[in-house]
Amino acid sequence: MNQINNSTLTFQCETGNYHTFCPISCVAWLYQKIEDSFFLVIGTKTCGYFLQNSMGVMIFAEPRYAMAELEEGDISAQINDYEELKRLCTQIKNDRNPSVIVFIGTCTTEIIKMDLEGIAPKLEAEIGIPIVVARANGLDYTFTQGEDTVLASLIQRCPSKDRETEKINKNNSSLFPSLSIFSKNKNESNLSQDKPNLPLVLFGSLPNSLTNQLEHELEKQNIKISGWLPTKNYKELPVIHEGDYVCGVNPYLARTATNLIRRRKCKLISAPFPIGPDGTRAWIEKICSIFNIEPTGLDEREKAVWDSLENYLPLVKGKSVFFMGDNLLELSIARFLIRCGMIVPEIGIPYLHKRYQEAEIKLLEDTCRKMQVPTPLIIEKPDNYEELKRIEQYRPDLVITGMANANPLEARGINTKWSVEFTFAQIHGFSNARDILELVTRSLRRKNYIQQLGWKELVE
Ligand code: SF4
């Protein structure tokens, strides 16, 4: 650890020559989240091989995603794209009857300029199923940004105020003309509405157990959200009104945030992300501040979580961790680990939207100051080759990296943690801070054990 940057956060940019997952991988968690959806990835065998291998055992569980594999004839425009997609969508409709089909554009559809956005509305009208197009290709995006492209496309399908009001008016006038008569008394009806929905929509795909936890934390502060993008079902997409507040739960959703601001005229709450007890607390506090609510009980809540982590903290305290960067969660996880007592010399990150991550960047700086550790160097679009040279120089205690570099580094006596696990593990909210440290300390604990056996480096 001989070269660490002592000033404020420094940002640099390298060549973008790094390993990561292709953004089409987002279908794996989005099809599970949106239970009535079907994802059709329109690409080549390269995309198919990637999905088949990266998703592991999931592919044996009849997933609700499929490949539309382009052939020579498609690429040379000898086959009619529209007719081919119509055939596939009809088959999907007959076999699975989803509420929405999401077309995932790939590198090939970009390069041959297949007009998916033009085809989708015609096809939608013909087969009667909504078709959403997301260009989650490897030319423009990285791994988790795939979700960003899908959510950004779903925004235009979220109902507006008019539709909602229309529905309520219709229901009230036809089915329940005198609903108030059935209420037992006025106080009781007020009780059930003691927490009215605030004009706040959260965005980011999390497992339902996690969305419930976060909603519950907000409800403790008297904040009841009006919706969540995405929802469990496509048919229940949240109503978004002009002027609503929106707040993200994941650091890679900059495009979704931009679309909500520009297209739906929403107001973005720029808060740190609810990762780690410090981040979760800051996230809740920021939302409370917007609605002029004095947060209560957060001190005790946060302290209880830190107390519950006491078995893990001595294992990480004073240890250094190097992020090679591949999933855009890096800043939030690094900030939490610094708060746990770790030192972070460098954070690689594929893409940094400074405005969207503004509050997270600020919290990272504050955390470094509070913990009195040097601020990390942030490298956007890192170069894995250069990073490996710096790792050799620093010899950090832990490197968070993809599978391509993990085993070679382990063989050279450098501890690693596979970064993809952070994407699929439950890391949000107060109660899941333990899971992050469980992941981070696993290889440190293993190393202690292996060193007892006398094995240090396995490569000459
Ligand atoms: S990078 Fe492009 S070609 Fe490769 S799997 Fe992703 S979309 Fe397909």
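Being a predicted model, the structure only gives us computed values, none of them experimental.

Structural notes on the UniProt feature "binding site: [4Fe-4S] cluster" in the protein chain
- Residues annotated by UniProt as "binding site: [4Fe-4S] cluster" correspond here to Cys22, Cys47 and Cys107. Sequence-wise these annotated residues cover 86 residues; spatially they are packed, their C-alpha atoms never more than 10.2 Å apart.
- On the secondary structure map, Cys22 appears in the loop between β1 (10-13) and α1 (26-33).
- By relative accessible area, which is 22% here, Cys22 ends up partly exposed.
- Non-local contacts of Cys22, meaning those with residues more than four positions away in its chain, are made with Phe50, Ala136, Gly138 and Phe143.
- Note that Cys107 resides in helix α5 (residues 107-111).
- The contact partners of Cys107, leaving out residues within four places of it in the chain, are Asn137, Gly138 and Leu139.

Quick notes on the packing of aromatic side chains
- All told, the structure shown has 10 aromatic pairs when counted by the stated rule.
- Between Phe21 and Phe143 the ring centres are 5.0 Å apart and the planes differ by 50 degrees, which places this aromatic pair in the tilted class. Taken together, the residues span a long stretch of sequence, with Phe21 in the loop between β1 and α1 and Phe143 in the loop between β5 (131-134) and α7 (145-154) at a distance of 122 residues.
- On the basis of relative accessible area, Phe21 is assigned to the buried category, the value being 17%.
- Geometrically, the ring pair formed by Trp29 and Phe143 is edge-to-face, given 6.1 Å between the ring centres and 75 degrees between the ring planes. Of this pair, Trp29 sits in helix α1 while Phe143 sits in the loop between β5 and α7, and the two are 114 residues apart along the sequence.
- Assessed through its relative accessible area of 13%, Trp29 is described here as buried.
- Among the aromatic side chains, those forming a connected cluster through ring pairs are Phe21, Trp29, Phe50, Phe143 and Phe424.
- Above the ring of Trp306, the side-chain terminus of Arg339 is found at 4.6 Å from the ring centroid.
- Across the ring face of Phe11, the terminal group of Lys354 is positioned such that the distance to the ring centre comes to 4.1 Å.

Side note on the site of the ligand
- For the ligand, the full set of nearby residues is Cys22, Cys47, Thr106, Cys107 and Gly138.
- Among the residues making up the shell around the ligand, the classes are represented as 3 nonpolar, 2 polar and no charged.

Some points on helix α4 (residues 81-96)
- If you check α4, its first and last C-alpha atoms are 22 Å apart, about what 16 residues at 1.5 Å a residue would give, namely 22 Å.
- Turning to α4, its buried residues number three or more, namely Tyr82, Leu85, Cys89 and Ile92. One face of α4 carries all of its buried residues, which in axial projection span an arc of 90 degrees. Among the exposed residues of α4, those oriented more than 90 degrees off its buried face are Asn94 and Asp95.
- Against β2 (37-43), β4 (100-105), α6 (116-127) and β5 lie the buried residues of α4.
- Sitting at the amino-terminal end of α4 is Asn80, which places a side-chain oxygen 2.9 Å from the backbone nitrogen of Tyr82.
- Positive phi appears at Asn97, one or two residues downstream of α4, with a value of about 45 degrees.

Observations concerning the sheet that holds strand β9 (residues 267-268)
- Strand order in the open sheet formed by 4 strands is β7-β6-β8-β9, with parallel pairing between adjacent strands. Each of the sheet's edge strands pairs with one partner strand only, and the pair in question is β7 (227-229) and β9.
- The pairing of strand β8 (residues 245-248) with β9 spans 2 bridges and is classified as parallel. Directly across from Tyr245, in β9, lies its bridge partner Lys267.

Side note on the side chain of Asn327
- Looking at where Asn327 falls in the secondary structure, it is placed in the loop between β10 (321-323) and α16 (330-339).
- Judged by relative accessible area, which is 3%, Asn327 ranks as buried.
- A distance of 3.0 Å separates a polar atom in the side chain of Asn327 from the backbone nitrogen of Leu329.
- The contacts of Asn327, once residues within four sequence positions are left out, are Phe143, Thr144, Tyr252, Pro350, Ser419, Phe422 and Thr423.

Side note on the packing of α1 against α7
- Between α1 and α7, the shortest axis-to-axis distance is 8 Å and the interhelical angle comes to 45 degrees. Comparing their axes, α7 and α1 come out oblique. For the pair α1 and α7, the crossing hand works out as right-handed. Judged by residue contacts, Cys26, Trp29 and Leu30 of α1 engage Gly146, Glu147 and Val150 from α7.
- Taken together, the residues of the contact of α1 with α7 break down into 4 nonpolar, 1 polar and 1 charged.

What counts and how
- Residues numbered from 1 in each chain as written.
- Predicted model: local features only at pLDDT ≥ 70, side-chain atom pairs only at ≥ 80, totals over all residues.
- Heavy atoms only, no water.
- UniProt positions renumbered as here; feature names shortened; annotations may be inferred.
- Helix = DSSP H or I, 4+ residues; strand = E, 2+ residues; numbered from the N terminus.
- Buried < 20%, exposed > 50% of the residue type's maximum accessible area, 1.4 Å probe, protein only.
- Contact = heavy atoms within 4.5 Å.
- Phe/Tyr/Trp six-rings, centres within 6.5 Å; stacked < 30°, edge-to-face > 60°.
- Lys NZ or Arg CZ within 6 Å of the ring centre and 35° of its normal.
- Near = heavy atom within 4 Å.
- Nonpolar A, V, L, I, M, F, W, Y, C, P; charged D, E, K, R; others polar.
- Expected span 1.5 Å × (residues − 1).
- Arc of directions from axis to C-beta.
- Polar contact = N/O pair within 3.5 Å; in protein donor to acceptor, adjacent residues only side chain to side chain.
- Pairing = 2+ DSSP bridges.
- Axes fitted to C-alpha atoms, helices over the stretch in contact; angles between N-to-C directions.
- Parallel < 35°, antiparallel > 145°, perpendicular 65-115°, else oblique.
- Left-handed = near helix turned anticlockwise from the far one by under 90°.

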